[in-house]
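What follows is each chain in one-letter form.
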Amino acid sequence: MIASRPARPDPASVLEDRGYRLTGPRRSVIRLLDRKEEGFSAEDICEELPGVGRATVYRTIRLLLDAGVLCKLALPDGAPKYSLARVEHHHHTFCVTCGNVGEFRDTTIERLLRTIGADIAGEIVGHRMEFYIVCRACLEAPER
Ligand SMILES: [Zn+2]
Ligand SMILES: [Zn+2]
Ligand SMILES: [Zn+2]
């Protein structure tokens, strides 16, 4: 079951709330991220914002990750991809053909993980789960 989607936190105000100054270059990074539907690597951002220093791009990504408004996807191969979090706690699908990133929430999975947690010696402080898929658009593409 997919939960309804609450309004997404605005990354700029999340950073300001945490006491970070919103410099011009940081704003450009956030604006670009906001337009991106699919996952992107840090290098993609550097390429699309030649006017913003590489260190600033990486630092802004780090701040947004820490603030929980950016998701990091571990991929089977290659550099990690990032996407803006559109819902609160969630998991991802990643299309291995086109790179499209989807988000989903499932209360059954979370309940199952809590049950498993009861058998684990120690406190679980987080978990990750990614599904590698071929998305519908790619399945329906004529070449396949
Ligand atoms: Zn996400
Ligand atoms: Zn696809
Ligand atoms: Zn979860």
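Higher on the page you've got the structure.
Residues numbered from 1 in each chain as written. Chains lettered and ligands numbered in written order. Predicted model: local features only at pLDDT ≥ 70, side-chain atom pairs only at ≥ 80, totals over all residues. Heavy atoms only, no water.

Peer 1: What am I meant to see in the coordination of the zinc ion (ligand 1) here?
Peer 2: Reference geometry at the metal: tetrahedral coordination by four donors gives ideal angles of 109.5 degrees; octahedral coordination by six donors gives 90 or 180 degrees. Taken together, Cys 71 (SG), His 90 (NE2), His 92 (NE2) and Glu 103 (OE) make up the protein donors of the zinc ion (ligand 1), found 2.0 to 2.2 Å from the metal. What makes Cys 71 buried here is its relative accessible area of 8%. (Donors = N, O, S within 2.8 Å, 3.2 Å for Na, K, Ca; no water. Buried < 20%, exposed > 50% of the residue type's maximum accessible area, 1.4 Å probe, protein only.)

Peer 1: I would appreciate a short explanation of the nonpolar core in the present structure.
Peer 2: What tends to happen in soluble globular proteins is that the nonpolar side chains get buried as a cluster. In this structure, Leu 33, Ile 45 and Leu 70 are the most contacted members of the largest nonpolar core, which totals 24 residues. At the level of elements, helix H1 (11–17), helix H2 (24–35), helix H3 (42–48), helix H4 (54–67) and strand S2 (81–84) are the ones that each hand at least two residues to this core. Looking at which element gives the most residues to this core, the answer is H4, with six residues. Excluding residues that lie within four positions of it along the chain, Leu 33 makes contacts with Phe 40, Ile 45, Leu 64, Leu 70 and Leu 84. (Core = buried A, V, L, I, M, F, W, Y, C linked by side-chain atoms within 4.5 Å. Helix = DSSP H or I, 4+ residues; strand = E, 2+ residues; numbered from the N terminus. Contact = heavy atoms within 4.5 Å.)

Peer 1: Would you take a moment to explain a nonpolar patch on the surface for this structure?
Peer 2: A cluster of nonpolar side chains, contributed by Leu 112, Ile 116, Ile 120 and Ile 124, occupies part of the molecular surface with about 340 Å² of accessible area. Within the secondary structure, Ile 116 sits in helix H5 (residues 107–118). (Patch = residues over 30% accessible without salt bridge, like charges linked within 9 Å, V, L, I, M, F, W, Y side chains within 5 Å. Areas by Shrake-Rupley, 256 points an atom, 1.4 Å probe, with all protein chains shown as cover. Salt bridge = Lys/Arg side-chain N within 4 Å of Asp/Glu carboxyl O.)

Peer 1: It is not clear to me how the packing of H2 against H4 should be interpreted in this structure. Could you clarify?
Peer 2: Relative placement of two packed helices is described by the angle separating their axes and the distance separating the axes. At their nearest, the axes of H2 and H4 sit 10 Å apart, and the two run at 65 degrees to each other. Taken together, H2 and H4 sit at an angle that is classed as roughly perpendicular. Two packed elements cross with a definite hand, and for H2 against H4 that hand is right-handed. In this structure, H2 uses Pro 25, Arg 26, Val 29, Ile 30 and Leu 33 to contact H4, whose residues at the interface are Thr 56, Val 57, Arg 59, Thr 60, Leu 63 and Leu 64. (Axes fitted to C-alpha atoms, helices over the stretch in contact; angles between N-to-C directions. Parallel < 35°, antiparallel > 145°, perpendicular 65-115°, else oblique. Left-handed = near helix turned anticlockwise from the far one by under 90°.)

Peer 1: How do you make sense of the coordination of the zinc ion (ligand 3) when you look at a structure like this?
Peer 2: For the zinc ion (ligand 3), the full set of protein donor atoms is His 89 (NE2), His 91 (NE2), Glu 110 (OE), Glu 110 (OE) and His 127 (NE2), at a range of 2.0 to 2.6 Å. For His 127, a relative accessible area of 31% gives the class partly exposed.

Peer 1: Looking at this structure, I do not really get H4. What am I missing?
Peer 2: An α-helical turn contains 3.6 residues, so any two residues separated by three or four positions project in the same direction. For H4, built from 14 residues, the straight-helix expectation of 20 Å at 1.5 Å per residue is met to within 8% by its first-to-last C-alpha distance of 20 Å. Against the buried residues of H4 lie H1, H2, H3, strand S1 (70–73) and S2. Just downstream of H4, Gly 68 is the residue with a positive phi angle, here 80 degrees. (Expected span 1.5 Å × (residues − 1).)

Peer 1: I'm lost on the packing of aromatic side chains in this one. Help?
Peer 2: How two aromatic rings sit relative to each other is given by the distance of their centres and the angle of their planes. What the rule picks out here adds up to two aromatic pairs. For the ring pair Phe 40 and Tyr 82, a centre distance of 6.4 Å and an interplane angle of 35 degrees mean the geometry is tilted. Placement of Phe 40 in the loop between H2 and H3 and of Tyr 82 in strand S2 is noted, with a sequence separation of 42 residues between them. Across the pair, exposure class does not vary: Phe 40 and Tyr 82 are buried alike. Centre to centre, the rings of Phe 104 and Phe 131 are 5.4 Å apart; their planes meet at 65 degrees, and the pair counts as edge-to-face. One end of the pair, Phe 104, is in strand S4 (residues 101–104); the other, Phe 131, is in strand S5 (residues 130–133), with 27 residues separating them in the sequence. (Phe/Tyr/Trp six-rings, centres within 6.5 Å; stacked < 30°, edge-to-face > 60°.)

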